[in-house]
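# Architecture and fold: a report
Okay, here's what each chain looks like letter by letter:
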Amino acid sequence: KTPLTRQLDALTGQIIVIAGLALAASIAIGYFVYNLPFSTLFISAVAFAVAAVPTGLPAVVTTLLSLGTKALAAAGAIVKRLRSVETLGSTSAINSDKTGTLTLNQMTAVELTIAGRRFTVDGEGYSTVGQISTVDGSPGGDLSPYLLPMALCADAEVRDGSLVGDPTEGALVVLAAKGGIDPVETRAAFPRVAVLPFDAAYKLMATFHRMKDESGREVIRGFVKGAPDQLLARATSALMADGQVAPTAADTADRFNAENERLASNGLRVMCVARRDYDPATFDPNADLLPLVSNLTLLALAGIVDPPRPEAKVAIAEAHAAGIQVRMITGDHAVTAAAIAKQLGIRGEAITGAEWGAYSDDEALRRIDDIGVIARVTPEHKVRLVDILKRKGRIVSMTGDGVNDAPALKKADIGVAMGITGTEVSKEAADMILTDDNFATIVKAVEKGRALYDNLLKYIRYQMGVLFGMIWTFLGAGLFNVLMGVPFVPQQTLYVNFTTQVLQSIGLGLGEPTEGLMKRPPRKADEQVMPLPLGIRLAIYGAIQAASCLVIIQLFSINLANDTLARTMGLATFSFANLFYGLSCNDLTASVFSRALLANAKLLQMSGISLVFIILANQLGLFNRLLNTVPLSIEYWVLAAAAGSVILWVMETVKFFQRRRPAPEPET
């Protein structure tokens, strides 16, 4: 059972106990004090029990959550489990992948660096129309040796400006095409003899091709692409701008590192390409190829731009306003990730996965709130991040799209898989799937989760308030000898329950949520739906409704000696009190005379129907016979409405002082 289910079970148990005690007391008073027939008391008790016990609560909760899943699906978030809708509303930490979620995942190479020379690249997207120009305007020379691995060491294909395959690979393939290398013809001319697939553990990919070197000798040439730091660590030489191969001395390595930092600090994803030749006689394509990726010759660095999603920046600001901390989790270089995070407005320092993994648990718990970016992460780092945040008491949402993300998605309170780029394993492990792979959709889902929970609380507050009203009415009638302890006949009790109370519940549960939900801090997962102070307040509100009703009944019973008219006026007064109480429950602080109520069309619609049923109960002959009521004059209607509105004015007074109470200091 979810926390909400357990709390509602406990609340239902409390209601049954309260209603049961009130029922027993009412029967005892009527039987022993007023000597009423037990059969009359029993029928009234059954009607009272039906009205008092919220038998529809489980159905209403399930309906609200089901409607929530439909609304989320329309917003681009498919929720696999109803409990996830409940959890979304309390999300306090979102850990998001960068590529495709916070960014557009439309990679375009905009800079190229070889040892000793820089180039700019124009053109956008996956169109091969564009030029590679030197920064200083000097002749570029033959770039084929530097661009060839970008065409061969890739699986992506670009067709008429559209991409099939990985976007990063697509950017490199387009860059090669802009340099005059046709990827299709080149791959046909130099087919692969072996391939080392990319793996997050070593962050590179290698392909091996039979070709001739610059001297015309037959070789197996391996082309490698991957993270610059990984290739630099495996390199022993570099192909210079003049075509000469030079050892990677300290100054050469420093220049490559500096260029990598420069590109990354501009928010570019940096890819490095390298090569190595092998003797065809000794090369074994079936052997373990990773050890062969060493003694490499560095060729070039490519700076690739992946523009941030404009809507992601707005969504992140909205999440921060809602008290939700957003973190970027990425496999990119830390400098690149930090630059993108700054553009998006993500707060906190940027660290690497290695640094994160080196923290002790105590240090991680102490520093986690100050961390906004974790780069170069592994699946283990993601799982640990979720664990640390949950130990801090956070409700964690985690995004992912790969097979290796499944453990973190499973461990998170809300695992979010990508519907477009996500693997089937990640989708199976997740609680929610984004159909558009867009971070903004996560924030929308959180907002809808909060709205559903807010409407659920409105429904519960209303149900508890009218329940207490019913209890105090019957108890008060017995204690103060109002119509000998029977304020309503059974059919009147059921009528007000199945009309006004049900209709107002629908209006609150399915109506518009309270404004400003995304400007509040997240609710705690263990937050009670009915804390004791609120329960006491609702009991008082119920007592006010009961008092209004009993005063009117007693007034007409004593002065006019007409029990039927007295009960009719009591029914009208209690119905009006329920109606006005429902309108006041729309917002705990906003006045019913504000635009907050006008914005809730569903509640206003249900209130209008409630008013019709209140009038029909007393003015229609059929209902007079069924409910044992009599028609009322206009003066009596005004009196009943005025008495029923007492609860409205009391709640308005309470709200007036609440709005002037200083806002609590935000938690740090």
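So, here's what we can say about the structure. Predicted model only: the values in this text are computed from it and were never measured.

## Digging into the packing of helix α20 (residues 563-584) against helix α24 (residues 634-644)
To describe two helices that pack against each other, one gives the angle between their axes and the distance between the axes. Packing of α20 against α24 leaves a shortest axis separation of 7 Å and a crossing angle of 45°. In this view, α20 runs oblique relative to α24, as classed from their interaxial angle. The hand of the α20/α24 crossing is right-handed. Contacts between α20 and α24 involve L565, M569, A572, T573, F576, A577 and F580 from the first element and Y636, W637, L639, A640, A641, A643 and G644 from the second. For the contact of α20 with α24, the per-class residue count stands at twelve nonpolar, two polar and no charged.

## Focus on unusual backbone geometry
Positive phi is not limited to glycine here, since K203 has a value of about 55°. Here K203 lies in the loop between β8 (192-199) and β9 (204-212).

## Observations concerning the sheet that holds strand β18 (residues 396-400)
Strands sit in the order β1-β20-β19-β18-β2-β15-β17-β16 across an open sheet of eight strands; the sheet is mixed. Edge positions in the open sheet fall to β1 (77-79) and β16 (349-352), since each of these has one partner strand only. Here the average twist between neighbouring strands, direction ignored, is 20°. Note that strand β19 (residues 414-418) and strand β20 (residues 432-434) share three bridges and pair parallel. Counterpart to M418 in the pairing with β20 is L434. Relative to the sheet, helix α14 (residues 379-391) contacts β2 (93-97), β15 (325-329), β17 (371-375) and β18, its axis offset from that of β18 by approximately 170°.

## Description of the nonpolar core
Among soluble globular proteins, nonpolar side chains are generally buried collectively. One finds M328, F439, I460, M464, V529 and Y581 to be the most contacted residues of the largest nonpolar core, which totals 107 residues. The leading source of residues in this core is helix α17 (residues 439-479), at 22 residues. Not counting the four nearest positions on each side in its chain, M328 is found in contact with S96, K98, L102, A337, I340, A341, L344, I346, G372, V373 and I374. In this structure, L143, L148, F223 and A302 belong to the second largest nonpolar core, which totals 33 residues.

## Side note on the packing of helix α18 (residues 490-509) against helix α22 (residues 601-619)
With their axes 7 Å apart at the nearest point, α18 and α22 run at an angle of 170° to one another. Comparing the axis directions of α18 and α22 gives the class roughly antiparallel. Each of Y495, T499, T500, L503, Q504, I506, G507 and L508 in α18 lies in contact with α22, whose residues at this interface are K602, L603, M606, S607, I609, S610, F613, I614, L616 and A617.

## Digging into the pattern of salt bridges
Using the criterion set out here, one finds 25 salt bridges in the structure. R384 is paired through a salt bridge with D361; the nearest N and O atoms lie 2.8 Å apart. Here D361 lies in helix α13 (residues 361-367) and R384 lies in helix α14, a separation of 23 residues in the sequence. For D361, a relative accessible area of 36% corresponds to the partly exposed category. For R595, the salt bridge goes to E515, with nearest N and O atoms at 3.1 Å. With R595 in helix α21 (residues 595-598) and E515 in the loop between α18 and α19 (532-560), this residue pair connects regions lying 80 residues apart in the sequence. On the basis of relative accessibility, which here comes to 59%, the residue R595 falls in the exposed class. For E515, a relative accessible area of 44% translates into the label partly exposed. When salt bridges that share partners are traced, they join E111, R118, E259 and R262 into one network.

## Some points on the pairing of strand β3 (residues 108-114)
On any regular strand, side chains alternate: one points to one face of the sheet, the next to the other face. With six of seven residues buried, β3 lies mostly within the body of the structure. As paired elements, β3 and strand β14 (residues 296-305) share six bridges and run antiparallel to each other. The partner of E111 across the bridge, within β14, is G303. Relative to strand β4 (residues 117-121), β3 runs antiparallel, the two sharing four bridges. Bridge assignment links E111 to a residue of β4, and that residue is T120.

Parameters at a glance
- Residues numbered from 1 in each chain as written.
- Predicted model: local features only at pLDDT ≥ 70, side-chain atom pairs only at ≥ 80, totals over all residues.
- Heavy atoms only, no water.
- Axes fitted to C-alpha atoms, helices over the stretch in contact; angles between N-to-C directions.
- Helix = DSSP H or I, 4+ residues; strand = E, 2+ residues; numbered from the N terminus.
- Parallel < 35°, antiparallel > 145°, perpendicular 65-115°, else oblique.
- Left-handed = near helix turned anticlockwise from the far one by under 90°.
- Contact = heavy atoms within 4.5 Å.
- Nonpolar A, V, L, I, M, F, W, Y, C, P; charged D, E, K, R; others polar.
- Pairing = 2+ DSSP bridges.
- Core = buried A, V, L, I, M, F, W, Y, C linked by side-chain atoms within 4.5 Å.
- Buried < 20%, exposed > 50% of the residue type's maximum accessible area, 1.4 Å probe, protein only.
- Salt bridge = Lys/Arg side-chain N within 4 Å of Asp/Glu carboxyl O.

Purely geometric numbers; function is a separate question.
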